[in-house]
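# Structural overview for review
Residues per chain are reported as follows:
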Amino acid sequence: MKLIVLLLVIVGAIPQVANATTVSTLISRFRSDIGESDSLRSRFTNAQVRDLLTRGTQTVCAITGELEADTSFLLVANQAEYKLPTTFQGISSVKIKKGINYVNLEQVDDTQFGVDVDGNLETSTYPKKFMVFNDSLRIAPAMTAVKSVDKLYINYFSRVGTLDSNTQNTQLPQWSDQIVVAWAVYFANERNYTPDQREAARQGLTAWCDDVAGRFIKPQLQPQVQPKVTP
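Residues numbered from 1 in each chain as written. Predicted model: local features only at pLDDT ≥ 70, side-chain atom pairs only at ≥ 80, totals over all residues. Heavy atoms only, no water.

## Structural notes on the environment of N155
Within the element layout of this structure, N155 appears in strand β8 (residues 151–158). We classify N155 as buried; its relative accessible area is 14%. A C-alpha to C-alpha distance of 6.6 Å links N155 and I91, two positions 64 residues apart in sequence. Each residue touching N155, except ones within four places of it in the same chain, is listed here: E68, A69, D70, I91, S92 and S93. A polar contact of 3.4 Å, which involves the side chain of N155, links it to the backbone oxygen of A69. (Helix = DSSP H or I, 4+ residues; strand = E, 2+ residues; numbered from the N terminus. Buried < 20%, exposed > 50% of the residue type's maximum accessible area, 1.4 Å probe, protein only. Contact = heavy atoms within 4.5 Å. Polar contact = N/O pair within 3.5 Å; in protein donor to acceptor, adjacent residues only side chain to side chain.)

Here it is as structure tokens:
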């Protein structure tokens, strides 16, 4: 049964520590694990395998919070909204430097943000709270006077791009390669599973992913991805 093959992939996996590898390497591993090493006779073209690997990468990122990135904004007087990078997927943290220390801003929802803006928070010298509105960051309060060193420091989760070439590098470190391939194998065979088999496989893959990620990612680098707010 193909589900058993998938679970053998999970049990036999050995995590690796290194930089990302190439997509062609993952395609070869996928074909080996799925038992269709002859690409000409396979159910899947290379393009279809890349799509499955992209889904696998996205899933691993959603579970582990990998693909973090950093950026910073110079604060502008009386400006409360700042455009986030095009690769933005979710916020990890927002900080401002006060003297020699970095202070975290508190994330609040849109309702609380409105209350804070209208309340006493406006008298604060520095922004204290923030919210994400679509692909923009809003702070409260906006500073009425800024110095050249006043910045917001943003740590965020980056959006996963499409794997569209066999020669490009994958987007995650090598410890995740086998997990990404296992998820791709799962997605390839998903329609053949019963609902119970699908649930069991997803739970097994998720638990394995969490276990391996816990050995390679510092706990403080695994906050929950915050959902975007829609108007």
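## Description of the packing of helix α2 (residues 23–34) against helix α5 (residues 177–189)
Helices that pack against each other are described as a pair by the angle of their axes relative to one another and the distance between those axes. Close contact between α2 and α5 brings their axes to 9 Å; oriented N to C, the two are set at 55°. With respect to α5, the axis of α2 lies oblique. Every pair of crossing elements has a handedness; the one defined by α2 and α5 is right-handed. Where α2 abuts α5, its residues L26, R29, F30, D33 and I34 lie against D177, Q178, V180, V181, A184, V185, A188 and N189. Of the residues assigned to the contact of α2 with α5, the class counts are eight nonpolar, two polar and three charged. (Axes fitted to C-alpha atoms, helices over the stretch in contact; angles between N-to-C directions. Parallel < 35°, antiparallel > 145°, perpendicular 65-115°, else oblique. Left-handed = near helix turned anticlockwise from the far one by under 90°. Nonpolar A, V, L, I, M, F, W, Y, C, P; charged D, E, K, R; others polar.)

## Examining the packing of aromatic side chains
Within the structure shown, the criterion is met by eight aromatic pairs. With a centroid separation of 6.3 Å and an interplanar angle of 45°, the aromatic rings of F88 and Y156 are classed as tilted. Residue F88 is located in strand β3 (residues 88–98), and its partner Y156 is located in strand β8; the two are separated by 68 residues in the primary sequence. On the basis of relative accessibility, which here comes to 6%, the residue Y156 falls in the buried class. Among the aromatic residues, ring-to-ring pairing joins W183, Y186, F187 and Y193 into one connected group. Between the NZ or CZ atom of R55 and the centre of the ring of F187, over which it lies, the distance is 3.9 Å. Across from the ring centre of F133, 4.0 Å away, lies the NZ or CZ of R138, which sits over that ring. (Phe/Tyr/Trp six-rings, centres within 6.5 Å; stacked < 30°, edge-to-face > 60°. Lys NZ or Arg CZ within 6 Å of the ring centre and 35° of its normal.)

## A closer look at the packing of α2 against helix α3 (residues 46–64)
Between α2 and α3, whose axes approach to 10 Å, the crossing angle comes to 95°. When the axes of α2 and α3 are compared, the pair comes out roughly perpendicular. Across from V23, L26, I27, F30 and R31 in α2, the residues of α3 making contact are N46, V49, R50, L52 and L53. Its residues assigned to classes, the contact of α2 with α3 shows seven nonpolar, one polar and two charged.

## Quick notes on the environment of E36
Turning to its location among the elements, E36 is positioned in the loop between α2 and α3. Every residue in contact with E36, bar those within four places of it in the chain, is listed here: R31, S42, R43 and F44. Among the polar contacts listed, one links the side chain of E36 to the side chain of R43, at a separation of 2.9 Å.

## A short note on the sheet that holds β8
The strand order across the open sheet formed by four strands is β1-β8-β3-β4, and the pairing between neighbours is antiparallel. Each edge of the open sheet carries a strand with a single partner, namely β1 (68–74) and β4 (101–104). Shown here is a sheet whose adjacent strand axes are inclined to one another by a mean of 30°, direction ignored. Pairing of β3 with β4, which is carried by four bridges, proceeds in the antiparallel orientation. By the bridge assignment for β4, K95 is matched with N104. (Pairing = 2+ DSSP bridges.)

## Considerations on the sheet that holds strand β6 (residues 129–133)
Strand order in the open sheet formed by four strands is β2-β7-β6-β5, and the pairing between neighbours is mixed. The strands lining the two open edges of the sheet, one partner per strand, are β2 (81–83) and β5 (106–107). In terms of strand pairing, β6 meets strand β7 (residues 136–140) through five bridges, oriented antiparallel. Looking at β7, one finds that V132 is bridged to L137.

## Quick look at the pattern of salt bridges
Here the structure, examined in full by the defined rule, presents six salt bridges. Residue E36 is joined to R43 by a salt bridge in which the shortest nitrogen-to-oxygen separation is 2.9 Å. Put simply, E81 and R138 hold a salt bridge, and the shortest N to O gap is 2.7 Å. Of the two residues, E81 is situated in strand β2 and R138 in strand β7; the sequence distance between them amounts to 57 residues. Judged by its relative accessible area of 35%, E81 is partly exposed. A residue is classified by how much of its surface remains accessible, and R138, at 25% relative accessible area, is partly exposed. (Salt bridge = Lys/Arg side-chain N within 4 Å of Asp/Glu carboxyl O.)

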